[in-house]
Amino acid sequence: MIHLSLNGGCSRDFQILCLGSHSDDLEIGCGGTILRLAEEYPTAAFHWVVFSGCEIRNAEAECAAKLFAGPRGLRGPLFTAFPDGCMQFVGADVKKVFEDLKRTLSPDLIFTHNRKDAHQDHRLIAELTWNTFRNHLILEYEIPKYDGDLGQPSLFVPLTTELCEKKIRFIMDSFQSQRSKRWFEESTFRSLMRLRGMECNAPSGYAEAFYCRKLVL
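First things first, this report covers the structure right here in the doc. Residue positions within a chain follow its written sequence, with the count starting from 1. Local features in a predicted model are, by the rule used here, given only for residues with pLDDT of at least 70; side-chain atom pairs are given and counted only at 80 or more, and totals for whole chains, interfaces and linings are based on all residues. The side-chain numbers reported here are obtained from all heavy atoms of the structure, hydrogens and water having been left aside.

Remarks on the pattern of salt bridges
Pairing of side chains with opposite charge becomes possible as their charged atoms draw close.
At step 1: Salt bridge, as used here: a side-chain nitrogen of Lys or Arg that lies within 4 Å of a carboxyl oxygen of Asp or Glu. Here the structure, examined in full by the defined rule, presents 16 salt bridges.
At step 2: Note that K66 is salt-bridged to E62, the shortest N-O span being 3.9 Å. Here K66 and its partner E62 are both found in helix α2 (residues 55-69), 4 residues apart, which amounts to about one turn of the helix.
At step 3: Three labels apply to residues, based on accessible area from a 1.4 Å probe with only protein chains included: buried if under 20% of the type maximum, exposed if over 50%, partly exposed otherwise in between. The exposure class of K66 is partly exposed, given its relative accessible area of 43%.
At step 4: Residue E62 is classed as partly exposed on the basis of its relative accessible area, which comes to 33%.
At step 5: A salt bridge links K145 to D117, with the shortest nitrogen-to-oxygen separation between them at 3.0 Å. Elements are defined by DSSP. Helices are runs of H or I of four residues or more, strands are runs of E of two residues or more, and each kind is numbered from the N terminus.

Below is the structure:
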């Protein structure tokens, strides 16, 4: 297995764009990787965008973003109020947000949804990410759900046991409004990281996985 590192030879601060349809998507999909990047690149800037959420959910997401990215590295969060589950019907307005981001930011790395995600909002954000940012490194994260849409990701980020447990703790502490949902459990998040850790032979046994459609070596 080939091991690669990010930000090699980059003379400026690492710019990372984090895109999530809903208030807990980023944390669940790539929270451990964000924690690792914040730890390894202390001057990195995390530009945080959430496209749908009510007042309570946005407050939870803002708290979580500060925990994951750190108060010094966090840029935003930018919250928009597009309808949950119906973003495809206001696609032109969502696209405008992307165009505004492109005018002000040229990220080194972008985290977004998987274009084959079963959730319609997730697919739209993934499609507009590729449609807008055509010459950037884009990693598509995965979200476990009832629909059973997990696939075969091609890129893995090993996590230490400490980072794995920190991710789970931050999610559970931040998103109190989701605790009544049966899938929102520590075991759900730990199990997926354990599965991906096994697949990439991570030293700790834990990892997050991504779909990488284009990678220039």
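Resuming the write-up.
A few points about the packing of aromatic side chains
At step 1: When the centres of two rings from Phe, Tyr and Trp lie within 6.5 Å, Trp using its six-membered ring, the rings pair. Their planes under 30 degrees apart give stacked, over 60 give edge-to-face, and anything left gives tilted. As enumerated under the stated definition, the model contains 7 aromatic pairs in all.
At step 2: Aromatic side chains F14 and Y41 sit 5.3 Å apart centroid to centroid with 75 degrees between the ring planes, which places their arrangement in the edge-to-face category. Of the two residues, F14 sits in the segment before β1 (15-20) while Y41 sits in the loop between α1 (25-40) and β2 (45-50), which places them 27 residues apart along the sequence.
At step 3: For Y41, a relative accessible area of 17% puts it in the buried group.
At step 4: Ring geometry for W183 and F189: centres 6.4 Å apart, planes at 90 degrees, overall edge-to-face.
At step 5: The class for W183 is partly exposed, based on a relative accessible area of 23%.
At step 6: Ring pairing ties together the aromatic residues W183, F184 and F189, which thus form one cluster.

A word on the environment of A64
At step 1: Tracing the sequence through the fold places A64 in helix α2.
At step 2: Taking C-alpha positions, A64 is 21 Å from P83, a pair spaced 19 residues apart along the chain.
At step 3: The contact criterion used throughout is that any non-hydrogen atoms of two residues lie within 4.5 Å. Not counting chain neighbours up to four residues away, the residues in contact with A64 comprise E27, S174 and F175.

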